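A structural walkthrough
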Amino acid sequence: MTEPAPDDVFQLGVRQWRDGDDLVLWHPVTGRHVRLHHGTVARLCAHPGDPRLKPVRDRLDRLHLLRSSPRPPWDALIPCRSRLVLTLPDEAALWLPVPGFRGPGGYGYRALQLSPAAHRVWQHINDARPLSEVADRAGVDLLTAQSLCALLTTPEVQALQLRPTPPRPRDLGLERLVDVPRPPNARPPHLTGPAGETTLTWYHLHGIDDGETHFDDRETTVAHGLGLPHPALGGLRYGAALRDALTRRGLVPEGGLLVEVGCGTGELAAAWQEHGPSKLHYLRADLSPELLRTQARRVPHGHGILADGTRLPLRDGSVDLLVSNEVIADLQAVPVDPAAPDSDAAREALALLHAARITPFAGRTWVNLGAFHLVAEIARVLRPGGAAWLSEFGVLDEPPQEAVQLDHPEVAIQVDHLAAIARHHGLSVSIEPLAELLGMDLTVQQVSRPSWEAVRALAHSRGLRLPARTWSVEALRAHLPFSVEGLRAVPLTDEGPAPLVTRFWSWTLRRPKVPAHGD
Ligand SMILES: C[S@@+](CC[C@H](N)C(=O)[O-])C[C@H]1O[C@@H](n2cnc3c(N)ncnc32)[C@H](O)[C@@H]1O
């Protein structure tokens, strides 16, 4: 028996391409695909009737990908729109992400002009109507509707899929582009040191060149997203909600010195002091000269200094309250293998873990050495009875991971390790999810991340800047000077313009009033 060529096995026109060890098979009209190990496909081509391959054949049949598969029931298939696509109603055009083209701010986007008939078909698609009904309503015959849809289902466009059933409410298949795994962004080599440790001093001193747009276009923080009065925070801005939460816990003194380490654009400082100056002097310490200039424009009270939070130019016991929001993942993280530490930083990290009675993870994993240094510095500068508050994205019972989507490396904080280091320095610690500390209403809706990235790219293409806020769809639409359809809302437990708040933790550290026995 001669071995069948792939064309004898797969439906005519099926697109195939290799992605690592996988082969992607893409139906040319439905826009649906399957990803299989290339060895499985080779076995299927060599032995199409092999009974062990029945589950694979069944899956391929459901997607109509095999020569022998049943024909798609065209009239009954339901066209479903990709959640990444926006409609520009005034121009009869779609606004589409370009597969394979992704940078720190998201996908590159392009406009796709629709013919009048294609525009009518698109307008009648609602993720529930079968193609025959869409065709009727658009005033075209089924074959025309089918071929217009086929223009939008190619791997290069990915605006539409023809499915046998309506999508589930959070159907990830419509929220991602295929075969475009989010690649780690290219980063300059000097952001990591010789032992693989992250070193962002250069990045903060010189790499941030536009403080006004940095947190809108390059890295958005939770505080920046929630920098406007927000319903999830009872109508408060993030900084004000934090001030109130820490005040309720008795951590905010009436006077003295408050130091904020790493202030970004000064959102937190500005909201904290929204009622004007108080007896509490607000000192901003930041490593970025550009961001210090931006803060000076936005924050009327207190003052800022260029300083490294891990080496503050402050006297021992001189600080009443220190806060640092979303900074510690920027501090040095070091890859450490406890069985074979291969750098001075790794040996120092191991020594600190041992001193704090932390059992290191086995194998080579990240250790948040810079965050440990900051905690040591906090223990030095806090006055007895003083407090510090930190927040960052973190992991509870696994080794920290690096966030790969930014233009610089940031490493999640190991929640318990940081707490153990703080205790080792004589501080008491309480840990809780950030959303819980702030009493956030996580059911509040926001514009989804894909919609946000699309609309921001659209605004940029028209020379407009959009602040990266945790907008509701309605507020964003009202803000836009052009009309756009297809913006989707998701709750705060889902990805929106800012990082996922449910990944964030809060550490409250207190220095005892009376030194512990033996100190
Ligand atoms: C991710 S941003 C967070 C900004 C702000 N706190 C917010 O939540 O929007 C990190 C900030 O910390 C500053 N930073 C980074 N490393 C620092 C260090 N070692 N010492 C002081 N500031 C630092 C950066 O310049 C930037 O302002």
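For the structure, see preceding data.
Residues numbered from 1 in each chain as written. Predicted model: local features only at pLDDT ≥ 70, side-chain atom pairs only at ≥ 80, totals over all residues.

**With respect to the site of the ligand**
Lining the immediate surroundings of the ligand are 24 residues, of which Thr-221, Gly-262, Gly-264, Ser-288 and Gly-309 lie closest. Looking at the shell around the ligand, the elements that each hand over two or more residues are α9 (222-225), α11 (267-272) and β10 (280-286). Here the residues of the shell around the ligand are counted per class, giving nine nonpolar, nine polar and six charged. (Near = placed C-beta within 6 Å. Helix = DSSP H or I, 4+ residues; strand = E, 2+ residues; numbered from the N terminus. Nonpolar A, V, L, I, M, F, W, Y, C, P; charged D, E, K, R; others polar.)

**Digging into the sheet that holds strand β6 (residues 93-103)**
One key point about sheets: their strands pair by backbone hydrogen bonds, in either a parallel or an antiparallel sense. Ordered by their spatial adjacency, three strands build an open sheet running β5-β6-β7, and the pairing between neighbours is antiparallel. Looking at which strands have only one partner, the edges of the open sheet turn out to be β5 (86-88) and β7 (106-113). On average, each strand axis in the sheet is tilted by 35° relative to the strand beside it, whichever way the strands run. In this structure, β6 lies alongside β7, joined through seven bridges in antiparallel fashion. What sits directly across from Leu-94, in β7, is Leu-112. Helix α17 (residues 449-461) rests against β5, β6 and β7 of the sheet, and its axis sits at about 70° to β7. (Pairing = 2+ DSSP bridges. Axes fitted to C-alpha atoms, helices over the stretch in contact; angles between N-to-C directions. Contact = placed C-beta atoms within 7 Å.)

**A look at the pairing of strand β4 (residues 78-81)**
A regular strand places its side chains on the two faces of the sheet in alternate fashion. Burial of the side chains of β4 extends over both faces: Ile-78 and Cys-80 are buried on one face and Pro-79 and Arg-81 on the other. Sheet topology note: the β4/strand β8 (residues 160-163) ladder contains four bridges and is antiparallel. Across the sheet, Cys-80 pairs through a bridge with Gln-161, a residue of β8. (Buried ≥ 20, exposed ≤ 12 C-beta atoms within 10 Å, placed from the backbone.)

**Comments concerning unusual backbone geometry**
Non-glycine residue His-64 carries a positive phi angle of around 60°. Here His-64 shows up in the loop between α3 (54-62) and β4. Of note in the backbone geometry, Glu-326 takes a positive phi value of approximately 55° without being a glycine. With 23 C-beta atoms packed within 10 Å, Glu-326 lands in the buried category.

**Things to note about the sheet that holds strand β1 (residues 15-19)**
Sheet architecture is open: three strands sit in the order β1-β2-β3, paired in antiparallel fashion. Because the sheet does not close on itself, it has two edges, and the strands there are β1 and β3 (33-37). Taken over all neighbouring pairs, the strand axes of this sheet differ in orientation by 20° on average, direction set aside. Sheet analysis places β1 next to strand β2 (residues 22-26), joined by five bridges and oriented antiparallel. Bridge pairing in β2 places Arg-18 opposite Leu-23.

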